[in-house]
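The residues making up each chain are set out below.
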Amino acid sequence: MEIIRSPREMQRRVRESRVRGESIGFVPTMGAFHEGHLSLMRRASSDNEVVIASLFVNPKQFGEAADLAAYPRDEATDARLAEGAGVDILYAPDVAAMYPPGFATTITVSGVSEVLEGAMRGPSHFQGVATVVAKLLNAVPCDRVYLGQKDAQQVAVLRRMILDLDFDVEVVVCPTVRESDGLAMSSRNVRLGSDDRMRALALRHGLDAALSAIDAGAPDADTVIRAATDAMRKDGIEPEYFAVVDALSLEPMQNLHGDILIAVAARVGPVRLIDNELIQIS
Ligand code: AMP
């Protein structure tokens, strides 16, 4: 597996593949690989002739300096795991290569960026995500980009940006990979102590309670949200938000029909976790 560190070198390498007519799949990441990341890479590998993964802990999308500082980093292990999952090229620029002195451009995606995570973390989070992914898609012009359903709002924001800015790339969304007890895999899970690891299941329990309430014929979103919040409180966790929204617009939904995103965020000990379920009610 090759490791490339500069945007120009990355573009040059992609041009070589294009001349050979090879299809290119791209998996953007911040590293600390777990089965969630590896599932995206394996899928990209089965769909494409060349697989490129990026590894860049993007300072622009972190609100809290402590969260950025604590973000796990181990490039050598990540490189080994990526190679095993079928990655041909790891694009691992440093901060200076991505944001050289004088860097002054920010991409803002209105609407879908402003609710849920955007409301809690402030506008700079999705501005950071959109700006870095636009740069990555320019460095790695690819046929398909692979994103995880785990970050459902990120998918909605990036879909909007890709459409609005005419990026010629297909978005492939892969299912959330979970631990055997249902906790969604996340690079932040390693920072959960054993008590917090147990309490982190509150997010899963909240989503399960919401799904059960819907199955039992809950008349509206408020009823679903109440059932979910009660379940989480039994685990000693207060959600930052528990939302039932339209899966495309991310706008709150009262009557439960169509494509629905059930999304939750909660702080568990030192870590902020998110999870979601996507359902369809006809
Ligand atoms: P990250 O490195 O956390 O920014 O994530 C990189 C990509 O992996 C994003 O598209 C995430 O949505 C995806 N991802 C992270 N965790 C999971 C998971 N548990 N299951 C599936 N995809 C995931």
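Our structure's up above, just so we're on the same page.
Since the model is a prediction, treat every value here as computed from it, not as a measurement. (Residues numbered from 1 in each chain as written. Predicted model: local features only at pLDDT ≥ 70, side-chain atom pairs only at ≥ 80, totals over all residues. Heavy atoms only, no water.)

1. Details of the overall build of the protein chain
Working step 1: From N to C terminus, the protein chain includes 11 helices and 9 strands.
Working step 2: Its C-alpha atoms give the protein chain a radius of gyration of 19 Å, within 12% of the compact-globule value 19 Å for 282 residues.
Working step 3: Overall, the protein chain is about 55 × 40 × 40 Å in size when its C-alpha atoms are taken along their principal axes.
Working step 4: Going through the 282 residues of the protein chain one by one, you find that 52% of them count as buried.
Working step 5: Pairs at least 24 apart in sequence give 72% of the contacts found in the protein chain among residues at least 6 apart.
Working step 6: Carbon and sulfur atoms make up 51% of the accessible area of the protein chain, which totals about 12,900 Å².
Working step 7: Taking the 29 positively charged and 40 negatively charged side chains of the protein chain as two groups, their mean positions are separated by 4 Å. (Helix = DSSP H or I, 4+ residues; strand = E, 2+ residues; numbered from the N terminus. Rg over C-alpha atoms; globule rule 2.2 N^0.38 Å. Buried < 20%, exposed > 50% of the residue type's maximum accessible area, 1.4 Å probe, protein only. Contact = heavy atoms within 4.5 Å. Areas by Shrake-Rupley, 256 points an atom, 1.4 Å probe, with all protein chains shown as cover. Lys, Arg positive; Asp, Glu negative; His and termini not counted. Charge placed at Lys NZ, Arg CZ, Asp CG, Glu CD.)

2. Considerations on helix α7 (residues 123-139)
Working step 1: Taking 1.5 Å per residue, 17 residues should reach 24 Å; α7 reaches 25 Å between its end C-alpha atoms and fits that length.
Working step 2: Taking burial as the measure, the 17 residues of α7 include 12 buried ones, the bulk of the element.
Working step 3: Within α7 the residues assigned to the buried category are His125, Phe126, Gly128, Val129, Ala130, Thr131, Val132, Val133, Ala134, Leu136, Leu137 and Ala139. (Expected span 1.5 Å × (residues − 1).)

3. Here we look at the nonpolar core
Working step 1: In this structure, Met10, Ile52, Tyr91, Leu137, Val140 and Met161 are the most contacted members of the largest nonpolar core, which totals 48 residues.
Working step 2: Aside from chain neighbours lying at most four places away, what touches Met10 is Ile4, Ile52, Ile89, Tyr91, Ala139 and Val140.
Working step 3: Core analysis: the next-biggest nonpolar cluster, separate from the first, contains 28 residues, Ala202, Leu203, Val244 and Ala266 among them. (Core = buried A, V, L, I, M, F, W, Y, C linked by side-chain atoms within 4.5 Å.)

4. Notes on the site of the ligand
Working step 1: Taken together, 17 residues sit near the ligand, with Met30, Gly148, Asp151, Val177 and Met185 positioned nearest.
Working step 2: The backbone of Gly148 places a nitrogen or oxygen atom 3.0 Å from an oxygen atom of the ligand.
Working step 3: Contact between the ligand and Met185: a nitrogen atom at 2.9 Å from a main-chain N or O atom of the residue.
Working step 4: Contact with the protein chains covers 93% of the free accessible surface of the ligand, which is 480 Å².
Working step 5: Elements with a contribution of two residues or more to the shell around the ligand: β2 (24-29), α2 (35-47) and β5 (144-148).
Working step 6: Per-element tally for the shell around the ligand: the top contributor is α2, with 3 residues.
Working step 7: Considered class by class, the residues forming the shell around the ligand number 8 nonpolar, 7 polar and 2 charged. (Near = heavy atom within 4 Å. Polar contact = N/O pair within 3.5 Å; in protein donor to acceptor, adjacent residues only side chain to side chain. Nonpolar A, V, L, I, M, F, W, Y, C, P; charged D, E, K, R; others polar.)

5. Some points on the packing of α7 against helix α8 (residues 152-164)
Working step 1: Running from N to C, α7 and α8 cross one another at 55°; their axes reach a closest spacing of 10 Å. When the axes of α7 and α8 are compared, the pair comes out oblique. Crossing of α7 over α8 shows right-handed handedness. In this structure, α7 uses Phe126, Val129, Ala130, Val133, Ala134 and Leu137 to contact α8, whose residues at the interface are Gln153, Gln154, Val157, Leu158, Met161 and Ile162.
Working step 2: For the contact of α7 with α8, the per-class residue count stands at 10 nonpolar, 2 polar and no charged. (Axes fitted to C-alpha atoms, helices over the stretch in contact; angles between N-to-C directions. Parallel < 35°, antiparallel > 145°, perpendicular 65-115°, else oblique. Left-handed = near helix turned anticlockwise from the far one by under 90°.)

6. A short note on the sheet that holds strand β1 (residues 2-4)
Working step 1: As summarised here, the arrangement of the 6 strands in space is β1-β4-β3-β2-β5-β6, forming an open sheet in which the pairing is parallel. On the outer flanks of this sheet lie β1 and β6 (170-174), each paired with one strand and no other. Geometrically, the sheet is characterised by an average inter-axis angle of 25° between neighbouring strands, direction not taken into account.
Working step 2: Judged from the 6 bridges that link them, β2 and strand β3 (residues 50-55) form a sheet pairing that is parallel. The residue bridging Phe26 from the neighbouring strand is Ile52, located in β3.
Working step 3: Against the sheet, α2 contacts β2, β3, β5 and β6, and its axis sits at roughly 155° relative to β5.
Working step 4: The sheet contacts of α7 involve β2, β3, β4 (89-91) and β5, and relative to β2 the element is tilted by about 150°. (Pairing = 2+ DSSP bridges.)

7. Some details on the side chain of Asn189
Working step 1: The topology assignment puts Asn189 in the loop between β6 and α9 (194-199).
Working step 2: Once residues lying within four places of it in the same chain are set aside, the contact partners of Asn189 are Leu183, Ala184 and Leu273.

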